Amino acid sequence: METLINKLKTAAPKAALLMALATGAVLQSCTKSDGGNGGATADALSSDAASAVYVAPGKHDELYSFLSGGFNGQVSVYGLPSGRLLKIIPVFSQHAENGYGYNEETKAMLQTSHGFVPWDDLHHPKLSRTDGQTDGRWLFVNGNNTPRVARVDLKTFETVEIMEIPNSAGNHCSPYPTNNNEYVIAGTRFSVPLDMKGSTGDVALDKYEEEFRGSISFIKVDPKEGDMELDFQILVPGFDYDLANGGKGPSEDWVFFTTYNSEKSGTLKEIGASQNDKDYLAAINWKLAAKYAKEGKLHEMPANYYHNKLDKNTHTAKSTVKKKVRYLLPEECPGMMYLLPAPKSPHGIDVDPSGEFMVVSGKLASAIPVFSFAKMQDAIKNKQFDGEKNGIPVLKYESVLKGEVKEPGLGPLHTEFDGKGNAYTSMFVSSEVVKWKLKDLKVVDRIPVYYSVGHLMIPGGDTKEPHGKYLVAMNKITKDRYLPTGPELAHSAQLIDISGEKMKMLLDFPTVAEPHYAQAIVASKVAPNSVKFHKLDENKHPQAAKKESEANVTRKGNKVIVKMTSIRSHFTPDNIEGVQVGDTVLFHVTNLEQDWDVPHGFAVMGANTAETLIMPGATQTLRWVPKKAGVYPMYCTDFCSALHQEMQGYVRVSPKGSNVPIKFSTGKKKQNIPGVASAK
């Protein structure tokens, strides 16, 4: 089974080959790229691919999948196997489509210690778990740039909580739930000089080796409501912490983190952080850490971080600023943390469904090491150490190694499992997915992907019981896969059938921005719990108008408060006068509908914000400051009925200091339009 890269090794000078491999350019250019039919697909495509992914009109997909949006800061929801885009869930970025981060109710979700941050780089979604299996309740995601962890409620598909992570910089190694959501764990990518006051110190950059540290955060999750709370952190050596995964079965008390830059290089890391033949897999006994925390081993330092939560009754977010954080030091907590040598600049760490094997993918390594948890326990018991780092014992490589997957391909990044004894590893450089056996570590199949695959995902492939029918490859390069759209192209995912011995390519589908990782779950765990509308009588928004007779307009100084209702097909009120230039006008719009799929939008001409899209039974607020006198149209932005175009109104704005009184109305008194409630 000779790979393309092995052929290249024999033909190309070593230096030139390494340069090409660093970017994957060699292998991407080996496929057809003539601007016509995209790439080399025919040979790899299953002959029955169309029927395998066809979901008839009106029928539902078998699975929900949640793909991270990368630099658009959002999560995309796709149905599988069809690849149909179902929804974009805004998390860390403002979303003009529904007003998230623009309307007054959700702005607080994006508050941080750095101020209002309406963007982030969202990398890793992780579904909540019960007994080591996905339970369909929540989705946890990370903000990579301004370190944050968010929780999405899968009853509403809304972001309901965002917590900033103190003492962190680059929250890449995040978020990883334990088997019953006891903790969601987040590690720092960048080590930084902590000032021990909740921020980074003003330290010369050549002091990296002496002054910089990393941190790993343990976020407690309320088992009933899902509310998060930062319990404690562990301050760890100044490496870069890349990815993590929790144990299962015999290893379920442990979490594992890949590290790179054990050289502690602070500059030109592509060279400086690639000197050592081995970096480390960090193993932390999280239950022992929690025990140490409970027993008083904790230290405490000042902090300053935001915790933002959406109230489900008012549909309004509120921020709380936290002022302290507790932390453990590994050197004071024996048995809590160990380092396992792992070649070379390791990236993915994935634990098989049995919990016995830890697979580490070294980006620059020629083999994939597979560690044994049982051997790790024996090595700890027998003190088979090879020195220590910052008081943390380093285990001997051979003492914990089950074996290595030899010549799997080039650029191994991530591994998932099908629950049938097989592992699947993505190869970034050689643009392929490689299937191998956990039992004997032999490669048994490989399939090309287009191009430069990063993460891959099998539904439940990181849990105790994978749904081993499909695999989704998330690719970094698209090139000729779709009709060209100028220099900027869509990213791509590919669906692969893994139900048989040989992998079969089924489907390409473009993604929204850059998917880093994904999760998927059978639809039956989520769909029955989906909220169809909010009950109007449970709406506790302080400015809600629950019937048209409660609608009004009042002035308080230079603030005009509009309590408005919307129902097919009019606003109440829809004529407003008495607003003056420079007033702050707050339109609190309550959607009176009590039916599924009847949102109403609201927009007013000249507002320096997005529309707001109000779900049935909810209240949302659009803030507007008119800058000049005139008459301004307002209207519903969502096509809600046959008379949608008629769902509009006017706001009269007079010069500042004018004597036009506040007046408001909808329709003429006693007017009775069939099918439309008259204003009272």
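This text goes with the structure placed above it.
Being a predicted model, the structure only gives us computed values, none of them experimental.

Participant: Quick question: what am I supposed to make of the overall build of the chain here?
Facilitator: On a plain count of helices and strands, the chain comes out with 9 helices and 45 strands. For a compact globule of 680 residues, the expected C-alpha radius of gyration is about 26 Å, and the chain comes in at 28 Å, within 12% of that figure. Dimensions of the chain along its principal axes, counting C-alpha atoms only, are 85 × 60 × 45 Å. Carbon together with sulfur atoms contributes 52% to the accessible area of the chain, which is approximately 28200 Å² in total. Here the chain contributes 78 positive and 77 negative side-chain charges, whose respective centroids are spaced 4 Å apart.

Participant: Any chance you could explain the pairing of strand S28 (residues 432–437) here in plain terms?
Facilitator: Along any regular strand the residues' side chains alternate between the sheet's two faces. Among the 6 residues of S28, 5 are classified as buried, and the element is accordingly described as predominantly covered. When strand S27 (residues 422–427) meets S28, the two strands line up antiparallel, connected through 6 bridges. Residue pairing in the sheet places Ser426 in a bridge with Val433 of S28. Counted between consecutive antiparallel strands, the loop separating S27 from S28 contains 4 residues, among which Ser431 sits at a positive phi close to 50°. Pairing of S28 with strand S29 (residues 443–448), which is carried by 5 bridges, proceeds in the antiparallel orientation. Each residue of the ladder has a partner; that of Lys435, found in S29, is Asp445.

Participant: Can you help me understand the sheet that holds strand S33 (residues 504–511) in this one?
Facilitator: Strand pairing in a sheet takes place through backbone hydrogen bonds and is either antiparallel or parallel in direction. Taken together, the 4 strands give an open sheet; going across it, the order is S30-S31-S32-S33, and neighbouring strands pair in antiparallel fashion. With one partner strand each, in any of the chains shown, strand S30 (453–457) and S33 form the two edges of the open sheet. This sheet shows a mean twist of 25° between the axes of neighbouring strands, independent of strand direction. Here 6 bridges tie strand S31 (residues 470–475) to strand S32 (residues 491–497), and the two strands are oriented antiparallel to one another. By the bridge assignment, Met474 is partnered in S32 with Ala493.

Participant: Would you mind going over the side chain of Asp418 with me for this structure?
Facilitator: Mapped onto the secondary structure, Asp418 falls in the loop between strand S26 (412–417) and S27. In this structure the side chain of Asp418 is engaged in a polar contact, spanning 2.7 Å, whose partner is the backbone nitrogen of Lys420. A distance of 2.9 Å separates the side chain of Asp418 from the side chain of Asn422, its partner in a polar contact.

Participant: Is there a simple way to think about the pattern of salt bridges in this case?
Facilitator: Where charged atoms from two side chains of opposite charge approach closely, those side chains can pair. In total, this model carries 23 salt bridges according to the counting rule given. Put simply, Asp131 and Lys464 hold a salt bridge, and the shortest N to O gap is 3.3 Å. Of this pair, Asp131 sits in the loop between strand S6 (122–130) and strand S7 (133–143) while Lys464 sits in the loop between S30 and S31, placing them 333 residues apart in sequence. Look at Asp131 and you get partly exposed, because its relative accessible area is 45%. Two residues, Glu161 and Arg151, come together in a salt bridge whose shortest N-O distance is 2.9 Å. Residue Glu161 is located in strand S9 (residues 158–164), and its partner Arg151 is located in strand S8 (residues 148–153); the two are separated by 10 residues in the primary sequence. Residue Glu161 is classed as buried on the basis of its relative accessible area of 0%. Residues joined by salt bridges that share partners form a network here, namely Arg151, Glu161, Asp227 and Lys309.

Basis of the calculations
- Residues numbered from 1 in each chain as written.
- Predicted model: local features only at pLDDT ≥ 70, side-chain atom pairs only at ≥ 80, totals over all residues.
- Heavy atoms only, no water.
- Helix = DSSP H or I, 4+ residues; strand = E, 2+ residues; numbered from the N terminus.
- Rg over C-alpha atoms; globule rule 2.2 N^0.38 Å.
- Areas by Shrake-Rupley, 256 points an atom, 1.4 Å probe, with all protein chains shown as cover.
- Lys, Arg positive; Asp, Glu negative; His and termini not counted.
- Charge placed at Lys NZ, Arg CZ, Asp CG, Glu CD.
- Buried < 20%, exposed > 50% of the residue type's maximum accessible area, 1.4 Å probe, protein only.
- Pairing = 2+ DSSP bridges.
- Axes fitted to C-alpha atoms, helices over the stretch in contact; angles between N-to-C directions.
- Polar contact = N/O pair within 3.5 Å; in protein donor to acceptor, adjacent residues only side chain to side chain.
- Salt bridge = Lys/Arg side-chain N within 4 Å of Asp/Glu carboxyl O.

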